[in-house]
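# Structural description and commentary
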Amino acid sequence: MFKAPANRFASFGVVAALPDELIDRIWLIIDQNLQGVFPLKGNVLIFKLQADQKDHLQYVYQDDETKATIAIDTEYAYQNHYPQTLFVYDDGQAQTILLPQEAD
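Below, the structure is looked at part by part. (Residues numbered from 1 in each chain as written. Predicted model: local features only at pLDDT ≥ 70, side-chain atom pairs only at ≥ 80, totals over all residues. Heavy atoms only, no water.)

## A look at the overall build of the protein chain
When its secondary structure is counted, the protein chain shows 2 helices and 6 strands. For the protein chain, the sequential pattern of α-helices and β-strands runs β-α-α-β-β-β-β-β. The globule rule puts the C-alpha radius of gyration for 104 residues at 13 Å, and the 13 Å found for the protein chain is close to it. Expressed as a percentage of its 104 residues, the buried residues of the protein chain come to 40%. Within the structure as shown, the protein chain displays about 6,100 Å² of accessible surface, and the carbon and sulfur contribution to it stands at 48%. (Helix = DSSP H or I, 4+ residues; strand = E, 2+ residues; numbered from the N terminus. Rg over C-alpha atoms; globule rule 2.2 N^0.38 Å. Buried < 20%, exposed > 50% of the residue type's maximum accessible area, 1.4 Å probe, protein only. Areas by Shrake-Rupley, 256 points an atom, 1.4 Å probe, with all protein chains shown as cover.)

## Topic: the side chain of Asp63
Within the fold, Asp63 resides in the loop between strand 3 (56-62) and strand 4 (69-77). Lacking a salt bridge, the buried Asp63 has Lys67 as its closest oppositely charged neighbour, with an N-O distance of 7.8 Å. A distance of 3.3 Å separates a polar atom in the side chain of Asp63 from the backbone nitrogen of Glu65. Not counting chain neighbours up to four residues away, the residues in contact with Asp63 comprise Phe38, Pro39 and Ala68. (Lys, Arg positive; Asp, Glu negative; His and termini not counted. Salt bridge = Lys/Arg side-chain N within 4 Å of Asp/Glu carboxyl O. Polar contact = N/O pair within 3.5 Å; in protein donor to acceptor, adjacent residues only side chain to side chain. Contact = heavy atoms within 4.5 Å.)

## Overview of the pattern of salt bridges
A full pass over the atoms with the stated rule returns 3 salt bridges. The closest approach of N and O atoms between Asp31 and Arg8, which form a salt bridge, is 2.8 Å. With Asp31 in helix 2 (residues 20-34) and Arg8 in strand 1 (residues 7-10), this residue pair connects regions lying 23 residues apart in the sequence. Classification of Asp31 by relative accessible area gives partly exposed; the value is 29%. Given a relative accessible area of 22%, Arg8 falls into the partly exposed group. Note that Glu75 is salt-bridged to Arg25, the shortest N-O span being 3.4 Å. Here Glu75, found in strand 4, pairs with Arg25, found in helix 2; they are 50 residues apart in sequence, far enough to count as distant. The exposure class assigned to Glu75 is exposed, which follows from its relative accessible area of 52%.

Right, dumping it as structure tokens:
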């Protein structure tokens, strides 16, 4: 799961809430920081978005199996209106970034 290249999308809610470069950063994190480091066995990845100590956006991923956590800092200023959580869903044909309320 979560192999690149794949058909990759972001939901309407994610596109409305985050700039394109922050959406693209999630795909880079999966490809460059998670693949080969974490087992990524399930079909849903959960990312927390928070402010780091410099008030920049930080993506946090915790692996459910190993309980290991990775935090990826960015140079982008954190905005309070950013969603706190994002889901990335892989159905085997496409990968989609969703807000939690869109996953119901």
